[in-house]
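Descriptive analysis of the structure
Next come the chains, spelled out residue by residue.
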Amino acid sequence: MRCAVYTRVSTDRHEQKDSLTNQKNLFINYIRDRGWELHDFYIEQESGRFSDRKELQRLIDDLKGKKFDIILVKELSRLSRNGALSYRLKDLTSEYQIDWIALDGSINTLEGNTDNFGLYAWVYENEAKTTSKRIKSTFRTKARNGEYNGSIAPYGYKIVKKKLIIREDNTPTIVKRIFMEYLSGCGHDAIARKFYNEGISTPSMIAGKRNATDVWHGSTIRKILTNPHYIGNLVQGRSEAVSITSHKRIFKNEEDMIIVENTHEAIISKIDFDLVQKMIQSRKVIRPQANVHLFTNLIFCADCGRGMHFKKNSRGYVCGNFNKHGIKKCSHHRTRESELIELLINEFQHFSRLLNENSIFEKLQKKIALDSKSMYKKLPSLQKQLKNIGKQKIRAMDLLLDDTMSKQDYHMYTKTKSEEEKKINHEILTIKESANNREDIVLLEQLKSQVSELMKFNEISSEFLNRFIQKIEIKADGSPKIHYRFSDSSAFHLLSSSNAQHSTCVDCGNISTG
């Protein structure tokens, strides 16, 4: 009898390594006592819930190649804690006429003992589910207490007593640089390529992973840009496995995550982080071009929505559709880069004069206080409406179950109520977001500081544009419509009301210049 011996432990801890040694010794003696032949050991340090284990796959391949006559395991749970996988292995051994012995009594095909196999398979999978729930519950409790559950800290941090602490090396500076590069208009891949060429240590190298590489990837940059830990908040439980037997994960809604604010020192300001998230979302809708010219990815045709193309001979931009397909698709919407720069410098000079007036900040603080007070008065009423809708849905379900209401009427009624819920939830979210208007003061301070610097050098950078401008639309006559990132804020409305040069759109709050 050629014996295949499968041994497994879940982790690489020292005591588990001892278990592997003990399992091997047990089967060496078992095989020796019976005068059988050892074909090979299949040894793994992985969870038994998953079917894509490397050594398990090698065992299955060798089974199909009939390289051995019998499989030996200490317990069925060593080979599998997944009921479906257990039955699949049982079927394979039957199909290829391979015997199987588990010393826990779950199966011994040499003796015809297979009656209790299903019970053992169920017990071991159920045990895995119970353990998984217990571990998740422990992690959730620790997360709510502000403890970091991960084994590897985000790039730029280290873990000290379950807390995130900023590292003393250059990695926090690299994190800041990633955000600034992105704000300057660089894409994920461009930043990754730049870091690789500069020889900057990757997250896997800093973490000391066995498979660490010096190559930066765009996905790594994106992961850093979207990680909320960098603003000083612990955001855990962002995803969960589809099932205990699957590696596939689903991402949760924000309300289902465990968020604990101000647990550690921030590397990135909340304003910069939120701005980057908005830029990422906007780039999902509009595929970014290579960041060659100052207004690339910011300037669009007001009529067809296509990005404008830079034309070297005219030192300006034309509609992308016109440039590619001609007048049948759209008109040129031509604008010169130098004229746009001059216009924006004048714009920000005007903002600078307004921002240097202390009364602006005083007015804004008063406005925010009044807005917050009036808005929050609505909250209890809206929440009460939501509660009533929930009760109405339950009553409708009772009527359906009593055959008092038809299924069609029930679905129409609940659809109407769900739409009402959606509107109320949107209004509640708007009210809660209005509390963030306090950040407008920080934004104005930031604008004031950067505009002052701009005025010194009389030039505009890509980083400056991306920070304060969402997009610029060029009309058919070449005039621009500027969409500022703070167009919907109290700060903007206060500034625009003080500015006679702007015409504010009553629908969207954006401005037309000129």
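Summarised in this report is the structure supplied together with it. (Residues numbered from 1 in each chain as written. Predicted model: local features only at pLDDT ≥ 70, side-chain atom pairs only at ≥ 80, totals over all residues. Heavy atoms only, no water.)

Regarding a positive patch on the surface
Taken together, the side chains of Lys 384, Lys 387, Lys 391 and Arg 395 present a region of like positive charge at the surface. By the element assignment, Lys 384 lies in helix H13 (residues 358-401). (Patch = residues over 30% accessible without salt bridge, like charges linked within 9 Å, V, L, I, M, F, W, Y side chains within 5 Å. Areas by Shrake-Rupley, 256 points an atom, 1.4 Å probe, with all protein chains shown as cover. Salt bridge = Lys/Arg side-chain N within 4 Å of Asp/Glu carboxyl O. Lys, Arg positive; Asp, Glu negative; His and termini not counted. Charge placed at Lys NZ, Arg CZ, Asp CG, Glu CD. Helix = DSSP H or I, 4+ residues; strand = E, 2+ residues; numbered from the N terminus.)

Points about the sheet that holds strand S13 (residues 316-319)
Sheet architecture is open: three strands sit in the order S12-S13-S14, paired in antiparallel fashion. The sheet terminates laterally at strand S12 (308-311) and strand S14 (335-336), the two strands that pair on one side only. Sheet analysis places S12 next to S13, joined by four bridges and oriented antiparallel. The partner of His 309 across the bridge, within S13, is Val 318. (Pairing = 2+ DSSP bridges.)

A closer look at helix H7 (residues 188-198)
Where H7 is concerned, the buried positions are His 188, Ile 191, Ala 192 and Phe 195. Looking straight down H7, one finds its buried side chains confined to an arc of 100°; they lie on one side. Opposite the packed face of H7, turned more than 90 degrees from it, sit the exposed residues Asp 189, Arg 193 and Asn 197. In this structure, the buried residues of H7 make contact with helix H6 (171-183) and helix H9 (218-225). Looking one or two residues past H7, Gly 199 carries a phi angle of roughly 75°, positive in sign. (Buried < 20%, exposed > 50% of the residue type's maximum accessible area, 1.4 Å probe, protein only. Arc of directions from axis to C-beta. Contact = heavy atoms within 4.5 Å.)

Side note on the sheet that holds strand S2 (residues 37-45)
Here four strands make up an open sheet; going across it, the order is S2-S1-S3-S4 and the pairing parallel. Unpaired on one side and paired on the other, S2 and strand S4 (99-102) mark the two borders of the sheet. Each strand axis lies, on average, 20° off the axis of its neighbour in the sheet, ignoring direction. Where strand S1 (residues 2-9) meets strand S3 (residues 70-73), three bridges bridge the pair, whose relative direction is parallel. Paired with Ala 4 across the strands is Ile 71, a residue of S3. Running at roughly 150° to S2, helix H2 (residues 54-64) makes contact with S1, S2 and S3 of the sheet. (Axes fitted to C-alpha atoms, helices over the stretch in contact; angles between N-to-C directions.)

Concerning the pairing of strand S15 (residues 469-474)
Where strand S11 (residues 299-301) and S15 come together, three bridges link them in parallel fashion. Within S15, the position partnered with Ile 299 by the bridge is Ile 472. Note: S15 against strand S16 (residues 480-484), five bridges, orientation antiparallel. Looking at S16, one finds that Ile 472 is bridged to Ile 482.

Here we look at the packing of aromatic side chains
By the definition in use, this model includes ten aromatic pairs. With 6.4 Å between their ring centres and 70° between their planes, Phe 179 and Tyr 230 make a pair best called edge-to-face. In this pair, Phe 179 is assigned in helix H6 and Tyr 230 in the loop between H9 and strand S7 (234-236), connecting sequence segments 51 residues apart. Just as Phe 179 is buried, Tyr 230 falls in that class too. Measuring from ring centre to ring centre gives 6.0 Å for Phe 295 and Tyr 317, while their planes differ by 85°; the resulting arrangement is edge-to-face. Of this pair, Phe 295 sits in the loop between helix H10 (270-285) and S11 while Tyr 317 is found in strand S13, placing the two residues 22 residues apart along the sequence. For Phe 295, a relative accessible area of 0% puts it in the buried group. With a relative accessible area of 1%, Tyr 317 lands in the buried category. By the ring-pair criterion, three or more aromatic residues cluster together here, those being Tyr 157, Phe 179, Tyr 230 and Phe 273. The aromatic ring of Phe 41 is capped on one face by Lys 24, whose charged end is 5.2 Å from the ring centroid. Sitting over the face of the ring of Tyr 30, Arg 34 holds its NZ or CZ atom 3.6 Å from the ring centroid. (Phe/Tyr/Trp six-rings, centres within 6.5 Å; stacked < 30°, edge-to-face > 60°. Lys NZ or Arg CZ within 6 Å of the ring centre and 35° of its normal.)

Examining the pattern of salt bridges
Oppositely charged side chains are able to pair whenever their charged atoms sit close together. Enumeration according to the criterion identifies 14 salt bridges in this entry. The closest approach of N and O atoms between Asp 274 and Lys 270, which form a salt bridge, is 2.7 Å. Pair noted here: Asp 274 and Lys 270 are both in helix H10, with a separation of four residues, about one helical turn. Residue classification places Lys 270 among the partly exposed residues on the basis of a relative accessible area of 37%. Across the pair Glu 420 and Lys 417 runs a salt bridge, and its minimum N-O distance is 3.6 Å. In this pair, Glu 420 and Lys 417 both sit in helix H14 (residues 407-434), three residues apart, roughly one turn of the helix. Residue Glu 420 is classed as partly exposed on the basis of its relative accessible area of 31%. What makes Lys 417 buried here is its relative accessible area of 12%. In the salt-bridge network here, residues are joined through shared partners; they are Asp 40, Glu 55, Arg 58, Asp 62 and Lys 67.

Here we look at the packing of H6 against H9
Running from N to C, H6 and H9 point in directions that differ by 100°, and their axes come no closer than 10 Å. In terms of their interaxial angle, H6 and H9 are classed as roughly perpendicular. On H9, the residues touching Val 175, Ile 178, Phe 179 and Tyr 182 of H6 are Ile 221, Ile 224 and Leu 225. A class-by-class count of the residues in the contact of H6 with H9 yields seven nonpolar, no polar and no charged. (Parallel < 35°, antiparallel > 145°, perpendicular 65-115°, else oblique. Nonpolar A, V, L, I, M, F, W, Y, C, P; charged D, E, K, R; others polar.)

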